[in-house]
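Overview (structure and organization)
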Amino acid sequence: MFFDFIKRNSRKTRKENGVYFASLVISIVAFYVILSLGEQDVLVYLKTVESDAVDRLLLMIPILYGVSLFFVFFLVYFANRYQLQQRSHEFGMYLMMGMRQSKLFSMIMGETLWNSLVALCIGVPISLFLTELISLATSRLIGMGIIGHEFRISWVGLGLTVFGFIVVQLLAVFVLSLTMSRKEPVDLLNDQKEKSQRVLSPVWSKVSFLTGAALLLGTIFLCVAYGLAVLYLRSLDYRLFALILLIGICGTFILFRGLGSLIGASVKRKSSSSTGLFVFTARQLQENVLHQWSSLAISSLLILMAMVCFAFGTSTALNNSTTFSRTADFTFKGSEEEIVAALVSDQVTPYVNSYYEMKIGNFDPTDAEMSANTAAHTFSWSGLEETISKEKSSEEKERLISNLSYQDEPYFIALSSYNAMLTSINKAPIILGDDEVALYSDEEFSHSYDILRRALQDNPTVSIGERQYELISTLYTSNVVADRAITLSYALIVPDDIYHRFVRSSQDSWLWNMVLKPEFVQEKGLMQATYEVDQLMNTYGLDYESYLSSMGRQLFYTVAGSYTTFYLGVMFLIIANTVLGLNFLMQQRSTRHRYYTLAMLGANIESHCSSARNQIWLYFGLVISVALVSSIFGIWSLLTTFPSMTLSLENSMVIAIILIAFIVFELCYIWMIQRKSNEEIKKLKEIE
């Protein structure tokens, strides 16, 4: 009987507080998604190529889990405080009819436990489906394909999700219900009565006159924070970052403290010409802002953090997936006989499309040339440095000139080797004229590309030995090896005769690249194909690297950057919107007598609901607009601080989709709060 009573009350609570219940389900999904990260196909694969990095990432998961539980605890506490206050008259009636306080406490805890189990029954299947969908999508994107996918359930993640969620729920409600159950019936019955409006002390009355100044001061603080972020955040100085953060947070709180005066001034200007419930709507909004400015500021900061997290996660996922071009699948180092013998063997040949020697070596003339003429072993970037010095002054320009000045023995790349690489990836080979060389720079040094490309348009010269060679206008950046067998900041692509003249011959210093057959890659997927041949090459005992390592490293950065930031963004967004919604509903409930008064003056239900809907739009709009303006400068600073985060047309479309999803999410929350507000208004019997 008592259990049926608990289930009936729980069902009623879920129906009346759908916003909060939906937030709990989303929290469960977010918990399991992050806790099951170690069982995702991507992470299982990454453990084979980047095990140390993956282990460090997985060590961060408990920290994220703990932080999430902390946030969810306060969300549950705040939401249940609203629910229990709403039911205080009901609890008072139970006690008046003879229910013991201990049984009331048990009833509240039982309802919480039952609602938690219902939320878990809904959230866990959604979590399993979503994680499988994510795993399938990532498997498809990285080339593993559906065949490489395995259905996995993270039992540890599932257990922690259930345990953490129930403990947080019970702990928050325990604190609240303990206080509620100790109240006397008369206190509970009168708890829903409107509390008298707080009378401000003389000190606070004087402060209230300064809200206009607070608005101006908050705006100034935010503008200063925006300017500092755009101009100086790229220096990555933690002290400056802390200063920007402090000024921005203070500015946000001060701004919301002063927004009430702006709304009041707007009402005074338009009150004479306004119609309907305009003044009532504006005054309600003004009171909400004046009394809840701190929670509004916190919600705005949480939405800002969510936006920045989404932007960073999106940029990380999009840019790391295309950072390094694939030019070779394997790079071998060693003697030509051993390498070629392995590549032409019966086991390996079916997978090989082509292989070629990649001649790379330092500028180092022979002893004979050095003894005959000391000028023959000199090298200078002077022509290129002079052209770069004409560029407008910048930190990158000074860094580039400094780097070149230290490279008096740069690396040379044989033209035939680089052309063989270009041919293997279906690109046009380089054609060098007499006394011409080409400049090469690794993709990891893309921050200097713009300056170099502008400088190369003037065809500057470099000195090699006793002769001047002209740099052609194209900058070449395609990676010369499969991964990181060698990383060249700046090198020269030179004709073979120049290469052999100025680079000492050493078989051990030469590298060999191998490319897999395209039909094999298309059939298996790049990752599966590379992994299969990598396992085969392990049996030959050669010193080599594969593009598999590059893919694994990029995937790790993508997972570490995007999964965790998206997770935090979702949590921040849920908490901010739920707090906003519940704050509004609590304020509406505490001022419900005003709706009685409006009804007595002739206002109908529809006008009440219309006023409440407008209040909600403006209430959420104030918070979101401040967060949106701050996020523009925050994301701008993020993109300028990390130059590798570039935006292409395709990337812009993905970001637009995420922005649309964010807008839809906010609209859904606003719609749910409006619906709940309408239900509360229609419950007022005197209006009906």
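Everything below is about the structure printed above this text.
Residues numbered from 1 in each chain as written. Predicted model: local features only at pLDDT ≥ 70, side-chain atom pairs only at ≥ 80, totals over all residues. Heavy atoms only, no water.

**Some points on the overall build of the protein chain**
- Scanning the protein chain for helices and strands turns up 26 helices and eleven strands.
- Taking all 688 residues of the protein chain together, the buried fraction comes to 50%.
- Within the protein chain, contacts between residues at least 6 apart in sequence are counted, and of these 85% link residues at least 24 apart.
- When the accessible surface of the protein chain is split by element, carbon and sulfur atoms take 62% of a total near 33200 Å². (Helix = DSSP H or I, 4+ residues; strand = E, 2+ residues; numbered from the N terminus. Buried < 20%, exposed > 50% of the residue type's maximum accessible area, 1.4 Å probe, protein only. Contact = heavy atoms within 4.5 Å. Areas by Shrake-Rupley, 256 points an atom, 1.4 Å probe, with all protein chains shown as cover.)

**Quick word on the nonpolar core**
- Core analysis: the biggest nonpolar cluster contains 72 residues, and Ile303 and Phe620 have the highest contact counts within it.
- At 14 residues, the largest contribution of residues to this core is made by helix 23 (residues 547-590).
- Residues contacting Phe620, with those up to four places away along its chain left out, are Asn577, Leu580, Gly581, Glu666, Ile670 and Ile673.
- Membership of the second largest hydrophobic core comes to 29 residues, among which are Phe363, Leu471, Ile498 and Phe502. (Core = buried A, V, L, I, M, F, W, Y, C linked by side-chain atoms within 4.5 Å.)

**Section: the packing of aromatic side chains**
- For the structure shown, the criterion picks out 19 aromatic pairs.
- Judged by centre distance (6.4 Å) and plane angle (25°), the ring pair of Phe73 and Tyr77 falls under stacked. A residue pair is termed a helical-turn pair when its members lie 3 or 4 positions apart in one helix, as Phe73 and Tyr77 do in helix 4 (residues 51-86) at four residues.
- The partly exposed category is assigned to Tyr77, whose relative accessible area is 28%.
- Between Tyr355 and Trp512, the ring centres sit 6.4 Å apart and the planes meet at 40°, which makes this aromatic pair tilted. Taken together, the residues span a long stretch of sequence, with Tyr355 in strand 2 (residues 352-358) and Trp512 in strand 10 (residues 511-516) at a distance of 157 residues.
- Clustering of aromatic rings is evident, with ring pairs tying together Phe363, Phe379, Trp381, Phe412 and Phe502. (Phe/Tyr/Trp six-rings, centres within 6.5 Å; stacked < 30°, edge-to-face > 60°.)

**So, unusual backbone geometry**
- In this structure, Asn426 is a non-glycine residue whose phi angle is positive, near 60°.
- Within the fold, Asn426 resides in the loop between helix 18 (415-424) and strand 6 (436-440).
- Residue class for Asn426 comes out exposed when judged on its relative accessible area of 74%.
- Even without a glycine there, the phi angle at Asp435 is positive, about 60°.
- Here Asp435 lies in the loop between helix 18 and strand 6.

**Topic: the sheet that holds strand 3 (residues 360-362)**
- What the seven strands build is an open sheet, ordered 3-5-9-6-8-7-4; its pairing is mixed. The open sheet has two edge strands, strand 3 and strand 4 (379-380), and neither has a second partner.
- Helix 18 rests against strand 5 (411-414), strand 6, strand 8 (467-476) and strand 9 (491-494) of the sheet, and its axis sits at about 60° to strand 5.
- Together, strand 6 and strand 8 form the strand contacts of helix 19 (residues 449-456), whose direction differs from that of strand 8 by roughly 125°. (Pairing = 2+ DSSP bridges. Axes fitted to C-alpha atoms, helices over the stretch in contact; angles between N-to-C directions.)

**Notes on a nonpolar patch on the surface**
- A cluster of nonpolar side chains, namely Trp617, Leu659, Ile663 and Leu667, defines an oily patch on the protein surface of about 380 Å² accessible area.
- Among the elements that make up the nonpolar patch, the one with the highest residue count is helix 26 (residues 649-682) (three residues).
- Along the chain, Leu659 falls in helix 26. (Patch = residues over 30% accessible without salt bridge, like charges linked within 9 Å, V, L, I, M, F, W, Y side chains within 5 Å. Salt bridge = Lys/Arg side-chain N within 4 Å of Asp/Glu carboxyl O.)

**Quick notes on the packing of helix 12 (residues 278-291) against helix 24 (residues 592-600)**
- Two numbers describe how helix 12 lies on helix 24: the axes approach to 13 Å, and their chain directions differ by 170°. Judged by the angle between their axes, helix 12 and helix 24 are roughly antiparallel. Of helix 24, the residues touching helix 12 (which contributes Phe280, Gln284 and Glu287) are Arg594, Tyr595 and Leu598.
- The class makeup of the residues in the contact of helix 12 with helix 24 is three nonpolar, one polar and two charged. (Parallel < 35°, antiparallel > 145°, perpendicular 65-115°, else oblique. Nonpolar A, V, L, I, M, F, W, Y, C, P; charged D, E, K, R; others polar.)

**Examining the sheet that holds strand 11 (residues 543-546)**
- Here four strands make up an open sheet; going across it, the order is 2-10-1-11 and the pairing antiparallel. Two strands close off the open sheet at either side, each with one partner strand: strand 2 and strand 11. Sheet twist, expressed as the average angle between the axes of neighbouring strands with direction ignored, equals 20°.
- Bridge count between strand 2 and strand 10: six bridges; the pairing is antiparallel. Counterpart to Tyr355 in the pairing with strand 10 is Met514.
- In this fold helix 14 (residues 336-343) packs onto strand 1 (330-333), strand 2 and strand 10, with an angle of close to 10° to the strand it touches most, strand 10.

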